[in-house]
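Now for the letters of each chain:
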Amino acid sequence: MSSYETPRGPVDSSRVPRFAGPATFARLPRLDEVGTTDVAVVGVPFDAGVSYRPGARFGGNAIREASRLLRPYNPAQDASPFALAQVADAGDIAANPFNINEAVDTIEGAADELLGTGARLMTLGGDHTIALPLLRSVAKKHGPVALLHFDAHLDTWDTYFGAEYTHGTPFRRAVEEGILDTEALSHVGTRGPLYGRQDLTDDEKLGFGIVTSADIYRRGADEVADQLRQRIGDRPLYISIDIDCLDPAHAPGTGTPEAGGMTSRELLEILRGLASCHLVSADVVEVAPAYDHAEITSVAASHTAYELTTIMSRQIAQAREKNAQATEETDAK
Ligand SMILES: N=C(N)NCCCC(=O)O
Ligand SMILES: [Zn+2]
Ligand SMILES: [Zn+2]
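Residues numbered from 1 in each chain as written. Chains lettered and ligands numbered in written order. Predicted model: local features only at pLDDT ≥ 70, side-chain atom pairs only at ≥ 80, totals over all residues. Heavy atoms only, no water.

A.B. asks: Run through unusual backbone geometry, naming residues and quoting values.
C.D. replies: With omega at 10 degrees, the peptide bond leading from Gly125 into Gly126 counts as cis. Residue position: Gly126 is located in the loop between strand 3 (120–125) and helix 5 (131–142). Here the phi dihedral of Glu295 falls at roughly 55 degrees; this positive angle occurs in a residue that is not glycine. Along the chain, Glu295 turns up in the loop between strand 8 (278–285) and helix 11 (296–332). Judged by its relative accessible area of 40%, Glu295 is partly exposed. (Helix = DSSP H or I, 4+ residues; strand = E, 2+ residues; numbered from the N terminus. Buried < 20%, exposed > 50% of the residue type's maximum accessible area, 1.4 Å probe, protein only.)

Next comes the structure, spelled out in structure tokens:
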């Protein structure tokens, strides 16, 4: 017999209007209402690491608001993510807006606590600085992880104004710290002007492969997803999604927009093509609602987090079933 309890799902939008009440991600219960969870959706309202427009500190709550419209069945993955596993909103990590180094430590500590309960993280940013402490925490649990980084930018620059921890530098730090599996690192959606050709040489030396936004346009989402999946294999995978990977037409509400990006349809399709990868945690960052219009960006981000959550819930349910079968077989002996 399994001790697994039926997950508590979202508020039923056919009974309580979806625009009523305080916003949690997808109208799911708060973590304190369910005790423990398989997937913790957590906000990180921190944007002191940005190099241009600020405002991503409001991203998590904008995504929660936009996510009121999500429905419980995901036809693209033929799954009801909130029934297959417990998904709950763990609230926000309160990080010091005046001290980046302290904030990075706080985020790592809070992620350690959540991961320590056995949950996977679906983090809503915040600027891209926050990916570093999240990766540190994930690597403590799984060892060096494969990384898929969806972004217009490389985010492997060295320092900005002498600062090591910024939204343009998390993945260089992560490689330096040995927390990434350098056999399986890819940027997806890369485009736009750089400081120099050296940016690309440095990035390649760190171990990254690049799928540009033009590659996606030319080759299509399915082929790109196949190639990425082959590179990742069964390694533990972290997916970090900077919403500026999307074209500004699909995500105007972000701090460092670049023309010529992928569509939200392409992003969602690539993610669905990665459903069999061992996704241990993920983030969606850089949503800056003050620059948004009609919630275009936060709607795209909420659907992105929904696909990622669906991938995690399906895997959790599959693993649980496998365990239950194994226990039954042992019991039968
Ligand atoms: N949006 C992120 N994460 N990084 C952009 C850094 C680009 C720059 O200021 O050169
Ligand atoms: Zn970016
Ligand atoms: Zn970024």
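A.B. asks: Quick one: what's the story with the coordination of the zinc ion (ligand 3), residue by residue and with numbers?
C.D. replies: Around the zinc ion (ligand 3), the protein supplies His128 (ND1), Asp151 (OD), Asp155 (OD) and Asp242 (OD) as donor atoms, at distances of 2.0 to 2.2 Å. Along the chain, the residues that donate to the zinc ion (ligand 3) are spaced as H-x22-D-x3-D-x86-D. Separation of the zinc ion (ligand 3) from the zinc ion (ligand 2) amounts to 3.2 Å, with Asp151 serving as a shared donor to the pair. With Asp155 in the loop between strand 4 (145–150) and helix 6 (170–176) and Asp242 in strand 7 (residues 236–242), the pair connects residues that are 87 residues apart, well separated along the chain. Side by side, Asp155 and Asp242 carry an identical accessibility label, which is buried. (Donors = N, O, S within 2.8 Å, 3.2 Å for Na, K, Ca; no water.)

A.B. asks: Can you explain the coordination of the zinc ion (ligand 2)? Please cite residues and give values.
C.D. replies: For the zinc ion (ligand 2), the protein coordination sphere consists of Asp151 (OD), His153 (ND1), Asp242 (OD), Asp244 (OD) and Asp244 (OD), at 2.1 to 2.5 Å. Counting gaps between the donor residues of the zinc ion (ligand 2) yields the pattern D-x1-H-x88-D-x1-D. His153 gets classed as buried once you look at its relative accessible area, which sits at 10%.

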